[in-house]
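Analysis of the macromolecular model
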Amino acid sequence: MSDHATTPMTSDHAATGMTSDHAVDIDKHVRIYISVFVALMVLTIVTVTVSRFHLPVPLAVTVALIVATIKGTLVACYFMHLISEKKLIYAVLALTAAFFVALLVLPVVTVHDGFWIH
Amino acid sequence: MDIPYTVEIRRDTGLTNGKIGIWLFLASEVMLFGALFASYILIRTGAPSWPRGDTMLDVPLATLNTIILISSSVTMVMAWASLMRGRFGTFRMYMGGTILLGFGFLIVKYFEYSAHFHEGALPSTNNFLAIYYTLTGLHGLHVFGGMAVNAYFWGPGAKLWKTNPVWFTNRVEHSGLFWHFVDLVWIFLFPTLYLL
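Here's what I pulled together on the structure shown here. Just so it is clear, the model here is predicted, and its values are computed rather than measured. (Residues numbered from 1 in each chain as written. Chains lettered and ligands numbered in written order. Predicted model: local features only at pLDDT ≥ 70, side-chain atom pairs only at ≥ 80, totals over all residues.)

Moving on, we come to the environment of N65 of chain B. Residues and elements named next belong to chain B. Within the secondary structure, N65 is located in helix α3 (residues 59–84). Using a count of 24 C-beta atoms within 10 Å as the deciding quantity, one classes N65 as buried. Here the alpha-carbon distance between N65 and W186, two residues 121 residues apart in the chain, equals 9.2 Å. Contact partners of N65, with chain neighbours within four places excluded, come to F105, V108 and K109. (Helix = DSSP H or I, 4+ residues; strand = E, 2+ residues; numbered from the N terminus. Buried ≥ 20, exposed ≤ 12 C-beta atoms within 10 Å, placed from the backbone. Contact = placed C-beta atoms within 7 Å.)

Take a look at the structure:
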């Protein structure tokens, strides 16, 4: 697999057997894991600090969700190796994301008269 | 009969069966928590007033739990990386750390719940507390479930390393995917419930 040097290893790399090249790649990725850990800690401090400013609710929600999304993306991409997954998993997640968004939008739609709910 | 495609990759999916299986399971988990987040939005937007989380909940304890859970994600991925390097002893150390951090999370949660119960803040008190206990309770169950699986791989399940190290490494990665998902859910629960 030629992409070892630039993308995190997954079990499918392990499935092909562990070599000394893999060990070198793992060392690189361990450094990435530590960097992500530091970033997550800093973003946690940012989340708590911003909440102390008592911003108006819409702005506070926006900021909190942006920071949480960045943290979630870091976890998903690097710890869960989504940055270098197979197409089938991306397809499953795309379908899941579509239904997830529909679930979250549903309450908004139901509280507004004159659109879907009469 | 042996379980197929635990180590070798299926040509049609490009994945092992365990890998696609855990991601399908996580997709169902996204919908489970998604339904509860949607309930939270509906209840909150429909309420005439809604309390800020930090007026009713313990933010320092929740921040500590955030740090604990993020740290446990790092030890989990390091446990898997140790197996990829062929270092079983290091794997046991990191996996043990992950289990202990999960235990720490639940202990902190126990202190939080105890304080609420002592103050009479029960799920029946108001809608905020009802959705708080539902979301954090379900999340806590996931932490417990993840700890149980990780403890199995740390203990009796680790025998597989001697006979089929690649399969064992794959299993630990799949367990890790679940653990990181539990971390990811908390990353959104923390600001939603405690800070807004």
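In this complex, chain B contributes 49 residues to the contact, which on the side of chain A involves 42 residues. Its residues placed into classes, the side of chain B that touches chain A shows 30 nonpolar, 13 polar and 6 charged. (Nonpolar A, V, L, I, M, F, W, Y, C, P; charged D, E, K, R; others polar.)

Turning to the packing of helix α3 (residues 57–79) of chain A against helix α7 (residues 165–195) of chain B, a few remarks are in order. Interhelical geometry of α3 of chain A versus α7 of chain B gives an angle of 175 degrees and a closest axis separation of 9 Å. In terms of axis orientation, α3 of chain A runs roughly antiparallel to α7 of chain B. Residues A64, A68, K71, G72, V75, A76 and F79 of chain A of α3 of chain A form the contact with α7 of chain B, whose own contacting residues are H180, D183, L184, I187, F188, P191 and L195 of chain B. For the contact of α3 of chain A with α7 of chain B, the class distribution of residues is 10 nonpolar, 2 polar and 2 charged. (Axes fitted to C-alpha atoms, helices over the stretch in contact; angles between N-to-C directions. Parallel < 35°, antiparallel > 145°, perpendicular 65-115°, else oblique.)

Attention now moves to the nonpolar core. Counting 63 residues, the largest nonpolar core has V77, A79 and W80 of chain B as the members making the most contacts within it. If you list the elements that add at least two residues to this core, you get α2 (20–51) and α3 of chain A together with α1 (17–46), α3, α4 (88–118), α5 (127–154) and α7 of chain B. With 15 residues, the top contributor of residues to this core is α7 of chain B. Not counting residues up to four positions away in its chain, the partners in contact with V77 of chain B are Y33 and F79 of chain A together with G176 of chain B. (Core = buried A, V, L, I, M, F, W, Y, C linked by C-beta atoms within 7 Å.)

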